[in-house]
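# Commentary on secondary and tertiary structure
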Amino acid sequence: MEITANQLKIFDEELIESVNLVIDVLENEKKKYQEHKKKAISLLSRILKDKNELSEEEMRMLYESHGITKDIIVSLYPHIKVPEIEIKKEERKKVEKKINISLENVKETETLFYNNIFDFKAKVEKIVDNYVILDKTAFFPRMGGQDHDVGYISESKVLEVIKIGNVIVHKVDKITFKEGEIVECKVDKNRREILSKHHTAAHIMLAACRKVLGKHVWQAGAEKTIEKARLDITHYKDISEQEIEKIEEEANKIVNQNIKINKFFIERNEAEKKYGFKIYQGGYVPSKIIRIVEIENVDVEACSGTHVNSTKEVEYIKIINVKKIADNVYRLEFVASENAIKFLKEKEKIYEEIKKLLNANDENIIEKAKELFEKWKKLKK
Ligand SMILES: [Zn+2]
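Counting its regular elements, the chain contains nine helices and 15 strands. For 381 residues, the compact-globule formula gives about 21 Å, and the C-alpha radius of gyration of the chain, at 27 Å, lies well above that figure. Counting only residues that meet the buried cut, the chain has 25% of its 381 residues in that class.

The following block contains the structure:
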């Protein structure tokens, strides 16, 4: 494949990059297949011992827990009798919290949360139990992986905000007003700011991942809370420590470049023509008019979340964990801004504690730890 591209003398950088990528992917698939086969042999030799047939139960376990198919078994042990099993697809139904509320005759809620409004007045449209619907709201509901806002509607504490169709429903601790009343509302600005920073950091991280790992990287999921953010990406092999370091470095480069973030509504067709289908990374459900969040020359996504106005506002991004969550899907967890500083400070505290315990200083701490370990090893013997 490499030869063909070179022979064609197409020195298109992107094509060559793609060829190398395909080779890399195939090499990895080959390795994975070999490993899979090895695992199958070890499992089957244990199950079969001196039998020459597999029970339905065993076949189901092999397939559902280890991904070992009938084809693989037959290729390895042609003389073994393998039962046909009906493959049940695991239906992962998202358990959505259903609230008993009728939205008939409730008009869609006017949204204020994209306009930097945190204090507002609104009319109470409907109250059902502890759920409140207003004619307009600046409370951001949980959506697109971003956690909801909190705050106050009059004297009632807002505990949760959800979106049902185009109606936004607030769950409060108690009702302190009547339907039809005009109420004063206040959104917790601090919480929103952290959520917006974590959300923006997620877009920056995706761009950094695509730059370091390759353009095949696609977002498989994301979540942004006030504690941390996570980004699930598709990638075909384990992410090395050096790559993680590089991703963090790239992400913080983008942060420090102080790049403007544009947010606007645009016709879907126009957006797809202009930016391509990569805008649907975040699982945005396309409608006629879509909301675009653009970090100039870095990342463009259709996104309904809230973001800061420039990358510099994210301050700093620190990756705190990377793990494989499914075949070809990796989860990166990270913190931004004050959470990143808090994280580093906590690490420093642990470091200082260890230093004290070892009676060491910055220069000899590793030496002292090694010494202690050696002593412990000797004692154990
Ligand atoms: Zn987003």
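Attention shifts here to the sheet that holds strand 3 (residues 131-134). Spatially, six strands are ordered 2-3-7-6-5-8 in a closed barrel, and the strand pairing comes out antiparallel. Neighbour-to-neighbour, the strand axes of the sheet open up by a mean angle of 45 degrees, direction not taken into account. By the bridge criterion, four bridges tie strand 2 (residues 119-128) to strand 3 in an arrangement that is antiparallel. Its bridge partner lying in strand 3, Val128 is registered against Tyr131.

With that settled, the discussion passes to the nonpolar core. Core analysis: the largest hydrophobic core is formed by 36 residues, its most contacted members being Ala201, Ile204, Met205 and Ile317. Contributions of two or more residues to this core are made by helix 5 (189-213), strand 10 (229-234), helix 6 (241-256), strand 12 (289-295), strand 13 (299-302) and strand 15 (329-336). At nine residues, helix 5 tops the list of elements feeding residues into this core. Leaving out residues up to four positions away in the same chain, Ile204 has contacts with Ala251, Ile254, Val255, Ile295, Thr311, Val314 and Ile317. Judged by nonpolar contacts, the second largest core, of 16 residues, contains Ile133, Phe139, Val161 and Ile168.

Our focus in this paragraph is the environment of Ser310. Within the secondary structure, Ser310 is located in the loop between strand 13 and strand 14 (317-326). You can call Ser310 partly exposed: it has 16 C-beta atoms within 10 Å. Along the chain, Ser310 and Lys49 lie 261 residues apart, while their C-alpha atoms are 64 Å from each other. Not counting residues within four places of it along the chain, the set of residues in contact with Ser310 comprises Asn258, Ile259, Lys260 and Ile261.

We now examine the domain arrangement of the chain. Assigned domains of the chain: these are domain 1 (2-76), domain 2 (110-187), domain 3 (193-342) and domain 4 (346-380). Measuring from the centre of the C-alpha atoms in domain 2 to the corresponding centre in domain 3 gives 28 Å. Between domain 2 and domain 3, the contact holds eight residues from the first and 13 residues from the second.

The strand order across the open sheet built from four strands is 9-10-15-14, with neighbouring strands paired in antiparallel fashion. At either end of the open sheet lies a strand with only one pairing partner, and these are strand 9 (219-224) and strand 14. Each neighbouring strand pair of the sheet contributes to a mean axis angle of 15 degrees, computed without reference to strand direction. Here strand 9 pairs with strand 10 via five bridges, running antiparallel. Among the inter-strand pairings, Gly221 is bridged to a residue of strand 10, identified as Asp232.

Cut-offs used in this document
- Residues numbered from 1 in each chain as written.
- Predicted model: local features only at pLDDT ≥ 70, side-chain atom pairs only at ≥ 80, totals over all residues.
- Helix = DSSP H or I, 4+ residues; strand = E, 2+ residues; numbered from the N terminus.
- Rg over C-alpha atoms; globule rule 2.2 N^0.38 Å.
- Buried ≥ 20, exposed ≤ 12 C-beta atoms within 10 Å, placed from the backbone.
- Pairing = 2+ DSSP bridges.
- Axes fitted to C-alpha atoms, helices over the stretch in contact; angles between N-to-C directions.
- Core = buried A, V, L, I, M, F, W, Y, C linked by C-beta atoms within 7 Å.
- Contact = placed C-beta atoms within 7 Å.
- Domains from an automatic or database assignment.

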